[in-house]
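Remarks on the overall topology
The primary structure of each chain is shown beneath.
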Amino acid sequence: QVQLAESGGGLVQAGGSLRLSCVASERTSSTSTLGWFRQYPGKEREFVAAMFRNYGRTYYGDTVKGRFTISRDNAKSTVILQMDSLKPEDTAVYYCALGQRLILSTIHLPAQYDYWGQGTQVTVSS
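Read on for a plain summary of the structure. In this text, all values refer to a predicted model and were calculated from it rather than measured experimentally. (Residues numbered from 1 in each chain as written. Predicted model: local features only at pLDDT ≥ 70, side-chain atom pairs only at ≥ 80, totals over all residues. Heavy atoms only, no water.)

1. Comments concerning the side chain of Thr 78
Worth spelling out the cut-off: The way it works is that DSSP assigns letters per residue, a run of H or I at least four long becomes a helix, a run of E at least two long becomes a strand, and they are numbered from the N terminus. Any two residues whose heavy atoms approach within 4.5 Å are treated as being in contact.
Its location among the elements puts Thr 78 in strand β8 (residues 78–83). Here Thr 78 is in contact with Cys 22, Val 23, Ser 71, Arg 72 and Asp 73, once residues within four sequence places are set aside.

2. With respect to the pattern of salt bridges
Going by this rule: Whenever Lys or Arg places a side-chain nitrogen within 4 Å of a carboxyl oxygen from Asp or Glu, that contact is recorded as a salt bridge. Type-normalised accessible area, obtained with a 1.4 Å probe on protein chains alone, sets the label of each residue: buried when under 20%, exposed when over 50%, and partly exposed for intermediate values.
Counting across every chain of the model gives four salt bridges. Note that Arg 38 and Glu 46 form a salt bridge whose closest N and O atoms lie 2.8 Å from each other. By relative accessible area, which is 2% here, Arg 38 ends up buried. Glu 46 sits in the partly exposed class, given a relative accessible area of 27%. Between Arg 38 and Asp 90 there is a salt bridge whose closest N-O contact spans 2.9 Å. Residue Arg 38 is found in strand β4 (residues 33–39), and its partner Asp 90 is found in the loop between β8 and β9 (92–99); the two are separated by 52 residues along the sequence. Via salt bridges that share partners, Arg 38, Glu 46, Arg 67 and Asp 90 belong to a single interconnected network.

3. Considerations on the nonpolar core
Counted only if it meets this: Nine residue types can take part in a nonpolar core, namely buried Ala, Val, Leu, Ile, Met, Phe, Trp, Tyr and Cys, and a core is a set of them joined through side-chain atoms within 4.5 Å.
In terms of nonpolar packing, the biggest core is built from 26 residues, with Leu 4, Trp 36, Val 48, Phe 68, Leu 81, Met 83 and Tyr 94 touching the most fellow members. Those elements giving two or more residues to this core turn out to be β3 (18–24), β4, β5 (46–52), β7 (68–73), β8, β9 and β11 (120–125). Counting residues in hydrophobic clusters, the runner-up holds nine residues, among them Ala 50, Tyr 59, Ala 97 and Tyr 113.

4. Comments concerning the sheet that holds β7
Two strands in a sheet stick together by hydrogen bonds in their backbones, pointing the same way (parallel) or opposite ways (antiparallel). This is how it is decided: Strand pairing is assigned whenever DSSP detects at least two bridges linking the two strands. Axes here mean lines fitted to C-alpha atoms, for a helix over just the part in contact, with angles spanning 0 to 180 degrees between N-to-C directions.
The sheet built from four strands is open, its strands ordered β1-β3-β8-β7 with antiparallel pairing. Each end of this open sheet is capped by a strand with a single partner; those strands are β1 (4–7) and β7. Strand-to-strand twist in this sheet, taken as the mean axis angle between neighbours without regard to direction, amounts to 15 degrees. Inspection of the sheet shows β1 paired to β3 by four bridges, in the antiparallel sense. Opposite Leu 4, over in β3, you have Ala 24 as the bridge partner.

Encoded structure:
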């Protein structure tokens, strides 16, 4: 059972930056995909970004392209989400997730991920 722990959330003004980290309890395999999702109150989880397996290819949701950057340190079993040019509509709970054998076409689907962190709140004030 892999455990994921996020950190780095908080309160920031619009236009500012935050850096979220997620550490896995065990070394991630080369076939695992690490991703970030966010959830608004009463809504389903929304895809933010993911790094597909160990190939280094990154994918982003349309609303964060050009502002957020995902990176991965396999040696430390860590995935980072650098969030720049934050907007009030980015306010949400952010979750990291690990999928052990995702196929690329399902990278944006929460149900395809096997493990989830507890979430970290990001609040962007206007």
